[in-house]
Amino acid sequence: MPDQDRPLGELRDLLGRRLHVPLAAHGCARFSFAELCEQPLGPPDYLALAQSFQILFLEHIPELNPDRRNEARRFILLVDTLYDGKVRLVATSAQAPEGIYPEGDHAFEFGRTVSRLKEMQSASLAIRSLLKGMASDRADFRKSKGKSTSKEDAEIAEYDKEMDALGEMLGA
């Protein structure tokens with residue numbers, strides 16, 4: 001169900017559990033690593049996210065070690081689910097993908113996750129580039145636009161609002 005059609009802040013997974021969505025707009029959602037991978041979540045929760053959003057922003061991915069193997073496993077499941085659902089992932093971490101989980105119980109599986117993160121990273125760069133281009137186009141449009149109708153003004157205002165929400169999610 002698209003996020004415009006449900007109350008912001010809540011999403012139900014396949015088992016009927018509630019998943020808190022801290023920030024969502026126009027098919028995008030923003031979470032911290034702690035909210036999705038340090039909580040007792042699993043495949044049904046991640047599948048609900050993949051079915052509800054086209055772009056997911058994930059912030060503050062820490063370096064993981066063998067003591068945090070549960071968080072590493074959840075992160076692997078999250079990335080696999082988003083990848084399979086063709087959800088764009090825009091993620092932030094102080095480490096390169098290879099440095100997030102260099103050793104531990106799930107290090108072998110994490111190799112596939114690294115590959116998927118790199119692929120998704122190139123997609124997130126494309127999203128950022130697209131948004132920058134759209135902002136430039138928006139500014140050019142306003143400069144060239146003469147007198148407009150109130151309907152056109154309302155459409156421009158709605159578009160500006162959507163672009164500002166996406167920019168906020170990107171931290172731009």
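Residues numbered from 1 in each chain as written. Predicted model: local features only at pLDDT ≥ 70, side-chain atom pairs only at ≥ 80, totals over all residues. Heavy atoms only, no water.

Visitor: Hey, could you run me through the environment of arginine 88 in this one?
Guide: With respect to the helices and strands, arginine 88 occurs in strand β6 (residues 88–93). Separated by 60 residues in the primary sequence, arginine 88 and cysteine 28 have C-alpha atoms spaced 9.3 Å apart. (Helix = DSSP H or I, 4+ residues; strand = E, 2+ residues; numbered from the N terminus.)

Visitor: Would you explain the sheet that holds strand β4 (residues 28–32) in this entry?
Guide: Strand pairing in a sheet takes place through backbone hydrogen bonds and is either antiparallel or parallel in direction. With mixed pairing, four strands are arranged side by side in an open sheet as β3-β4-β5-β6. Single-partner strands in this sheet number two, and they are β3 (23–25) and β6. Between one strand axis and the next, the sheet turns by 15° as a mean value, whatever way the strands run. Judged from the five bridges that link them, strand β5 (residues 55–61) and β6 form a sheet pairing that is parallel. Note on β6: the bridge partner recorded for leucine 56 is leucine 89. Its contacts with the sheet place helix α3 (residues 69–84) against β5 and β6, and it is angled at close to 160° to β5. (Pairing = 2+ DSSP bridges. Axes fitted to C-alpha atoms, helices over the stretch in contact; angles between N-to-C directions. Contact = heavy atoms within 4.5 Å.)

Visitor: Is there a simple way to think about the packing of aromatic side chains in this case?
Guide: As enumerated under the stated definition, the model contains three aromatic pairs in all. Through a chain of ring-to-ring contacts, the aromatic side chains of Phe33, Phe75, Tyr101 and Phe110 assemble into a single cluster. (Phe/Tyr/Trp six-rings, centres within 6.5 Å; stacked < 30°, edge-to-face > 60°.)

Visitor: For this particular structure, what's the right way to read the nonpolar core?
Guide: Nonpolar side chains in soluble globular proteins tend to end up buried together. The biggest cluster of nonpolar side chains holds 33 residues, and the ones touching the most others in it are Leu36, Leu49, Leu56, Leu58 and Phe75. Within the residue set of this core, elements represented by two or more residues are β4, α1 (33–37), α2 (43–52), β5, α3 and α5 (107–144). When residues of this core are assigned to their parent elements, the largest contribution, six residues, is made by α3. If near-sequence neighbours (up to four positions away) are discounted, leucine 49 is found in contact with Leu11, Leu19, Phe31, Leu36, Leu56 and Leu78. (Core = buried A, V, L, I, M, F, W, Y, C linked by side-chain atoms within 4.5 Å. Buried < 20%, exposed > 50% of the residue type's maximum accessible area, 1.4 Å probe, protein only.)

Any functional reading would require information that these geometric values do not contain.
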